[in-house]
Every structure is written in structure tokens, then in C-alpha cells.
Amino acid sequence: MQTVGRFAPSPSGRMHLGNVLCALLAWLSARHQNGAFLLRIEDLDAMRCPRSYADLIMDDLRWLGLDWDGEVPYQSERAPIYEKYEQILREKGLLYPCFCSRAALHAASAPHLSDGRVLYAGTCRGLTPAEIEEKRKKRAPATRVRVPDEIISFTDGVFGAYSENLAEECGDFIIRRSDGVFAYQLAVTVDDGLSGVTEVVRGSDLISSTPRQIWLYRLFGFEPPHFVHIPLLCDVDGRRLSKRDEDLDLGLLRERFTPEQVIGALAFAAHLTDRAEPASVRELVQDFDWSRIPRHELCLPPMFR
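What comes next is a walk through the structure. (Residues numbered from 1 in each chain as written. Predicted model: local features only at pLDDT ≥ 70, side-chain atom pairs only at ≥ 80, totals over all residues. Heavy atoms only, no water.)

**A word on the pattern of salt bridges**
Part 1 of the argument: Across all of its chains, the model carries 20 salt bridges by this definition.
Part 2 of the argument: Between R177 and D45 there is a salt bridge, with its nearest N and O atoms 3.5 Å apart. Residue R177 is located in the loop between strand 7 (173-176) and helix 7 (184-195), and its partner D45 is located in the loop between strand 2 (36-39) and helix 2 (51-64); the two are separated by 132 residues in the primary sequence.
Part 3 of the argument: R177 gets classed as partly exposed once you look at its relative accessible area, which sits at 33%.
Part 4 of the argument: Judged by its relative accessible area of 17%, D45 is buried.
Part 5 of the argument: One salt bridge connects R176 with E83, and the closest N-O pair in it is separated by 3.5 Å. On the criterion of sequence distance, the pair formed by R176 in strand 7 and E83 in helix 3 (residues 79-91) is long-range, its members being 93 residues apart.
Part 6 of the argument: Since its relative accessible area comes to 37%, E83 is described here as partly exposed.
Part 7 of the argument: Put simply, R6, R40, E42, R78, D191 and D192 are held in one network by salt bridges that share partners. (Salt bridge = Lys/Arg side-chain N within 4 Å of Asp/Glu carboxyl O. Helix = DSSP H or I, 4+ residues; strand = E, 2+ residues; numbered from the N terminus. Buried < 20%, exposed > 50% of the residue type's maximum accessible area, 1.4 Å probe, protein only.)

This is the structure in C-alpha cells:
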């Protein structure tokens, strides 16, 4: 089976070096295995993701030498496809409307997990048709999917064995927001499944979402891909990079460095090389090895200070 990797950025701002590292490792892994590499734009919330940012992402990837195969799908244009898979869940009796406000979900009395995530208490799970109709008069509901009391396990390419009980550590989750926008969990599963993606590379902050996506893969009849969650990238002072803070975005970096300098520095931060020397993606691809990536956070070299 051919390896099919992908990079699926959300164009809510210019890419920072953490985004670039994810794209680089996903590209190196796919190309090292003589596989395909896909690009998808995750602009589900089109108001927050202007097309101009997507254009900049593609221009930055070309500048770095990270090419892709095939057309680039935009999630904002794929709602009819997501609706078909939403209907599959509805026909299985797994969906119900949720009228809980964000404030109610994050109230102090709500059950919280050790990592700070809120575990949905099932407040709207047992509403009667009459109660649902009455609540609809006051606010539009989101749509939640009912999860089973089931342990989902997988072996991550960097962090190893990972398990989660959906009922106890995830809870019923939203697949469509109250404004009609489909949620990440459903859209990413459908898109990867339909695209034949066999390897998903992304940040370790998303590892807890993987069990629920594996569950959705199986419900939809897809084969789950191999997941590789990479450590988050920190600046030279140990602070995690954030698109919100415009940390070391490509617009600024392209004025100071060559593509080879950026690629070489990221390869060094990821422990793929022993020195922060300029390198092209073509030079790195032959000897790429996931076993060199550590589990702890990665730190940028001083050149980016």
C-alpha cells in the first residue's frame, strides 16, 4: 500500500515555525517512503480563515521546497459531503441536539479532566421531544454524538501506546456547531478517509482527539491511518510558539533567512541533524528516521532570537 501523507493547516494567520516543522516532518516521512503528499486547507470557519492566508501558506510551502500532489481541497466548500456522513450517524441513532452555552460547559461545577478539558456531563442527552422543541425557541442547538463506554487504543509513531475511554475521558462531543458549521472532529475524519490518507502527522496537543477520530473512522467504514504526534516547538526562551502571537511567522523569516537556513534549523531542533546548518528538503529525505524525534518539547536554535 502506498503511503499517503498530508498537511492540513488552518489559515487563520501566517504559518509560524511550529506549523512549518509539522509540514516538514510530514513531507519528509511521505517522500522517504516514496509516497504521496497532500495539502488540504482547513477553513471550516470561513470568517476566521480568509483565502488570502491560504494563498500565503501555499506560497510559503513552495518557498521551502515542500511540494504536494493533486488539487487542494478547501473544507469550507465541502459541507454537502459532511452532511452525508452526519446522516450516517443520525441513522445510527447517535446524534442529539445540545443547547448548553459555552459558559455552562465551562462552569466550575462541570467535570474537568486532568489536562483542563471539560468532560460533557450529558445534560441534553435525555431531553424529550417536547423539551427539545421548547428549547429551540430560545436558541439554536449544536449537534453532539453519543459515544460508547469503550476504550480506543493506538500506537503513536513518537509517543507509543495511547488509550482513552471515550465515555470517561472524552464524553459526547460536538460534530456540528449551533451556527451550522461542521466541527473539526467530523470534517478531518471524513476528509482523511476519502483522501486515502495512511499517515497523519500533527502536534502532540492533538493526541487526545485521536481516539474519537479512530472511532468515527470505523463507524464510517474507513481504515484509520497511522498517527504520529510530534512534540511542540518552543522558542529559544522555552515558550511555545503560537500563531496568535505571530511568533516567528514566515513573513518575517523570509526577510532574514534562506529556505535552506530555515529547513536546517528545524531539522536540528527535531534532532534529525547534529548541527543547525543550512539544508534542503531533498538532502534530508533519504536518511529521515522517526526514531530520532524525542518525546520532549523541541527548542529552536539561538539564530531565531
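**Here we look at unusual backbone geometry**
Part 1 of the argument: One non-glycine residue, N34, adopts positive backbone phi at about 55 degrees.
Part 2 of the argument: Mapped onto the elements, N34 comes out in the loop between helix 1 (17-32) and strand 2.
Part 3 of the argument: The phi dihedral of H271 falls on the positive side, at around 70 degrees, and the residue is not glycine.
Part 4 of the argument: If you trace the backbone, H271 turns up in the loop between helix 10 (259-269) and helix 11 (281-285).

**Regarding the sheet that holds strand 4 (residues 142-145)**
Strand pairing in a sheet takes place through backbone hydrogen bonds and is either antiparallel or parallel in direction.
Part 1 of the argument: Within the open sheet, the three strands sit side by side as 3-4-7. Their pairing is antiparallel. Across the chains shown, the open sheet's two edge strands, defined by having one partner strand only, are strand 3 (95-98) and strand 7. The sheet shows a mean angle of 45 degrees between the axes of neighbouring strands, taken without regard to direction.
Part 2 of the argument: Judged from the four bridges that link them, strand 3 and strand 4 form a sheet pairing that is antiparallel. Bridge pairing links L95 to V145 in strand 4. (Pairing = 2+ DSSP bridges. Axes fitted to C-alpha atoms, helices over the stretch in contact; angles between N-to-C directions.)

**Some points on the packing of aromatic side chains**
Part 1 of the argument: Counting across every chain of the model gives ten aromatic pairs.
Part 2 of the argument: Aromatic pair Y82 and F182: ring centres 5.6 Å apart, planes at 65 degrees, arrangement edge-to-face. One end of the pair, Y82, is in helix 3; the other, F182, is in the loop between strand 7 and helix 7, with 100 residues separating them in the sequence.
Part 3 of the argument: One aromatic cluster in this structure is built from Y85, Y217, F220 and F222.
Part 4 of the argument: Of note, R51 hangs over the ring of Y74, and the distance from its end group to the ring centre comes to 3.8 Å.
Part 5 of the argument: One residue, R212, lies across the ring of F173, its end atom 5.6 Å from the ring centre. (Phe/Tyr/Trp six-rings, centres within 6.5 Å; stacked < 30°, edge-to-face > 60°. Lys NZ or Arg CZ within 6 Å of the ring centre and 35° of its normal.)

**Describing the nonpolar core**
Part 1 of the argument: L17, L25, L61, L233, L266 and W290 are the most contacted members of the largest nonpolar core, which totals 53 residues.
Part 2 of the argument: Among the secondary structure elements, those contributing two or more residues to this core are helix 1, strand 2, helix 2, strand 9 (226-230), helix 9 (250-256), helix 10 and helix 11.
Part 3 of the argument: No other element matches the eleven residues that helix 1 contributes to this core.
Part 4 of the argument: Setting aside residues up to four positions removed in sequence, L266 forms contacts with L17, V20, L21, L24, L233 and L300.
Part 5 of the argument: In terms of nonpolar packing, the next biggest core, distinct from the first, is built from 31 residues, F154, L186, V197 and F220 among them. (Core = buried A, V, L, I, M, F, W, Y, C linked by side-chain atoms within 4.5 Å. Contact = heavy atoms within 4.5 Å.)

**A few points about a negative patch on the surface**
Part 1 of the argument: There is a patch of like negative charges on the surface, built from D149, E150, E168 and E169.
Part 2 of the argument: The topology assignment puts E168 in helix 6 (residues 166-169).
Part 3 of the argument: Look at E168 and you get exposed, because its relative accessible area is 52%. (Patch = residues over 30% accessible without salt bridge, like charges linked within 9 Å, V, L, I, M, F, W, Y side chains within 5 Å. Areas by Shrake-Rupley, 256 points an atom, 1.4 Å probe, with all protein chains shown as cover. Lys, Arg positive; Asp, Glu negative; His and termini not counted. Charge placed at Lys NZ, Arg CZ, Asp CG, Glu CD.)

**Notes on the pairing of strand 8 (residues 199-203)**
A regular strand places its side chains on the two faces of the sheet in alternate fashion.
Part 1 of the argument: Within strand 8, five of the five residues are buried, which leaves it mostly tucked inside the rest of the structure.
Part 2 of the argument: Two elements, strand 8 and strand 9, share five bridges in a ladder whose sense is parallel. In the sheet register, R202 faces strand 9, and the bridge partner there is H229.
Part 3 of the argument: This β-α-β element, strand 8 to helix 8 (residues 210-220) to strand 9, shows right-handed connectivity. (Right-handed = clockwise from strand over helix to strand, strands pointing away.)

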